[in-house]
Amino acid sequence: MYQKRVALGLAAALAGIATAESSNVTQLTGKTFDDFFSASDVKLVLAEFYAPWCGHCKALAPEYEIAANDLIEKGIKLVKVDCTEEADLCQKYDVEGYPTLKVFQGLDNVQPYEGQRKADSIKSYMIKQALPPVSILTKETHEDFKKGDDVVLVGYFAADDKTSNETFTSVASSLRNVYMFGATNDAAVAEAEGVKFPSIVLYKTFDEGKNKFEKKFDVDAITSFAKTAATPLVGEVGPETYSDYMSAGVPLAYIFAETEEERDSLGQAFKPIAKKHKGKINFATIDAKQFGAHAGNLNLKTDKFPCFAIQDITNNKKYPFDQEKELSHDNVAKFVEEYVAGKIEPSIKSEPIPTKQEGDVVVVVAHNYEKVVLDEDKDVLIEYYAPWCGHCKALAPKYEQLASHYASSEFKDKVVIAKVDATANDVPDDISGFPTIKLFPAGGKTDPVTYSGSRTIEDLAEFIKENGKYKAGITIKEESTEEAAPAATPKDKEEKKDKEETEEDHDEL
């Protein structure tokens, strides 16, 4: 996650109208693919497997062109394959959706591309692939290397310090797709950088410019240092950074504002607060015009900006700042201090507790979640659903039948079939899609089991029997009145994926 890049609009537009003759992206077919890789100058290649009708592929095209133009001088080549014309070749490389990007270091060394689909990200990722996990630096190469990317880590340790060398290399190997790593044993270079052996300096193009690690070399400590130091004091939440913030394991403070000027102004005002709590809370601005709906997920009003909230990502708890108060440095600083001290209660979004349960599926809301789901005496199968989810609607009648079977069985007091609208209620569990189904076995509520099988009554009952405390087996003969759906074509799958990703972008950035 880095500070936002300069807009690439004009360059992207120019790249988008580039002619086939001027493009540095090579179109390959089944007949030319192997021959291309046999050329002596082909060492590292990024291949895009695409379909012409794919919306995500069209969005990627100008970014891919820009990256290809910049990487060609470094000997890194970008190619593309039309899977509607080259089905066998795409099948050979396990292409299941579009676009699929893969990194080739020869035909026998193929890895999935794990970066973002933006030109800068593609360039940064591929340059790292061209380097060893740790580049050995000299006095002559040191200065250029530390400016080679937005974030660069350089280790300074003696040539005979085997422990530091191995530890640093271990970290570099695990994070090589994220950061550039270099090392030198030149004591004069270390002295010029103001450090002693062994040390690590993280160089960055934002905030204070660099951070020093001078503690005992330990894999976990260095990894934590790298991730913390590489995160901007006040970053920006968007489609390219959202997953990184969510996986950071650190609470995230959102600064919602509708204009870039206001986001910049608030970001500057809150930087001292972010610096004081760096490593404990991440701060980031978010475009309220584009992603204002996300404020609702944090229990904020979605029509009153600017606003502020902290999300405890690990425990899925939300702490919205009072939107009737002025969003000033002093007010936010006090709010953050009280949050860190544990003096603020989380905001819990909940539907009312049902006065009467209708049907055999128990309706759960946030306010009765603990009482129902965490009941230590019962096996509880719970479905986390969204009202707009088509798969949830298709499951509903089967789920009701499943509940009915258990309600009329000998296990009616031992097994609960429940559901919760995860869009209207704050739940403490990690929900990555809808429907998500989990079993909380009696006496083992801290270790729920996520269901991943077919959504049939028989399979769900078997899942409860295998994973529940009471091994509640019941006999079910499921009668299906639905006609079998035809197998989805690749185009169907991509259009479905486009729709699902659009919905996910709306709700989860």
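Residues numbered from 1 in each chain as written. Predicted model: local features only at pLDDT ≥ 70, side-chain atom pairs only at ≥ 80, totals over all residues. Heavy atoms only, no water.

Draft legend 1. Seen up close, the overall build of the protein. Summing up its helical and strand segments, the protein has 18 helices and 20 strands in all. Relative to its full complement of 509 residues, the protein shows a buried share of 44%. The contacts in the protein between residues at least 6 apart in sequence include a share of 71% that link residues at least 24 apart. Summed over its atoms, the accessible surface of the protein is roughly 26,400 Å², and 48% of this surface lies on carbon and sulfur atoms. (Helix = DSSP H or I, 4+ residues; strand = E, 2+ residues; numbered from the N terminus. Buried < 20%, exposed > 50% of the residue type's maximum accessible area, 1.4 Å probe, protein only. Contact = heavy atoms within 4.5 Å. Areas by Shrake-Rupley, 256 points an atom, 1.4 Å probe, with all protein chains shown as cover.)

Draft legend 2. Layout of the packing of aromatic side chains. Using the criterion set out here, one finds 25 aromatic pairs in the structure. A ring pair is formed by Trp 53 and Tyr 98, whose centres lie 5.8 Å apart and whose planes are at 80°; its orientation type is edge-to-face. Taken together, the residues Trp 53 in the loop between β2 (44-50) and α3 (55-71) and Tyr 98 in the loop between α4 (87-92) and β4 (100-104) connect sequence positions 45 residues apart. Its relative accessible area of 26% is what places Trp 53 among the partly exposed residues. Look at Phe 168 and Phe 181: their rings are 5.7 Å apart centre to centre, the planes differ by 70°, and that puts the pair in the edge-to-face class. With a gap of 13 residues between them, Phe 168 in helix α7 (residues 162-175) and Phe 181 in strand β8 (residues 180-184) connect regions that are remote in the sequence. Phe 181 carries the same exposure label as Phe 168, and that label is buried. What links up through ring pairs into an aromatic cluster is the set Phe 157, Phe 168, Tyr 179, Phe 181, Phe 213, Phe 217 and Phe 225. (Phe/Tyr/Trp six-rings, centres within 6.5 Å; stacked < 30°, edge-to-face > 60°.)

Draft legend 3. Structural detail: the state of the cysteines. Taken as a whole, this structure holds one disulfide when the rule is applied. Here Cys 83 connects covalently by a disulfide to Cys 90, the sulfurs 2.0 Å from one another. With the S-S bond torsion at -90°, the cross-link from Cys 83 to Cys 90 turns out left-handed. (Disulfide = S-S within 2.5 Å.)

Draft legend 4. Quick peek at unusual backbone geometry. Each neighbour pair has its own omega, and for Phe 305 with Pro 306 the value is 5°, a cis peptide bond. By the secondary structure assignment, Pro 306 is in the loop between α13 (294-297) and β14 (307-312). Each neighbour pair has its own omega, and for Phe 434 with Pro 435 the value is -10°, a cis peptide bond. Phi is positive for Asn 299, which is not a glycine, with a value near 65°. Looking at the secondary structure, you find Asn 299 in the loop between α13 and β14. Relative accessible area serves as the criterion here: at 18%, Asn 299 is assigned to the buried category. Its identity is not glycine, yet Asn 316 carries a phi of approximately 55°, on the positive side. When you line up the elements, Asn 316 lands in the loop between β14 and β15 (317-320). The class for Asn 316 is partly exposed, based on a relative accessible area of 23%.

Draft legend 5. Seen up close, helix α16 (residues 390-407). In this model, α16 (18 residues) spans 26 Å end to end at C-alpha, consistent with the 26 Å of a helix rising 1.5 Å per residue. At Ala 396, α16 shows its strongest bend, of approximately 40°, with the proline Pro 397 following within four residues. The set of residues buried in α16 consists of Cys 392, Leu 395, Tyr 399, Leu 402, Ala 403 and Tyr 406. Buried residues along α16 sit against β17 (379-385), β18 (415-421), β19 (436-440) and α17 (457-467). (Expected span 1.5 Å × (residues − 1). Bend = angle between axes of the 7 residues up to and from the residue.)

Draft legend 6. Inspection of the side chain of Ser 23 at higher detail. Tracing the backbone through its elements, the reader meets Ser 23 in the loop between α1 (9-16) and β1 (25-27). The exposure class assigned to Ser 23 is buried, which follows from its relative accessible area of 18%. Side-chain polar atoms of Ser 23 contact the backbone nitrogen of Val 25, separated by 3.0 Å. Side chain to side chain, Ser 23 and Glu 65 meet in a polar contact 2.9 Å long. (Polar contact = N/O pair within 3.5 Å; in protein donor to acceptor, adjacent residues only side chain to side chain.)

Draft legend 7. Local environment of the sheet that holds strand β13 (residues 282-287). Pairing in this open sheet of five strands is mixed, and the strands run β11-β13-β12-β14-β15 from one edge to the other. This sheet does not close on itself; its edge strands, each paired only once, are β11 (234-237) and β15. The average undirected angle you get between the axes of adjacent strands in this sheet is 30°. By the bridge criterion, six bridges tie strand β12 (residues 252-257) to β13 in an arrangement that is parallel. Across the sheet, residue Tyr 254 finds its bridge partner in β13, namely Ala 284. (Pairing = 2+ DSSP bridges. Axes fitted to C-alpha atoms, helices over the stretch in contact; angles between N-to-C directions.)

Draft legend 8. Inspection of the nonpolar core at higher detail. If you look at the biggest cluster of nonpolar residues, it comprises 22 residues, and the most contacted ones within it are Phe 270, Phe 283, Phe 308, Ile 310 and Val 336. Among the secondary structure elements, those contributing two or more residues to this core are β12, α11 (260-276), β14 and α14 (329-340). The greatest single-element share of this core, amounting to five residues, is contributed by α14. When residues no more than four places from it in sequence are discounted, the contact partners of Ile 310 are Pro 251, Leu 252, Ala 253, Lys 317, Lys 318, Tyr 319, Phe 335, Val 336 and Tyr 339. (Core = buried A, V, L, I, M, F, W, Y, C linked by side-chain atoms within 4.5 Å.)

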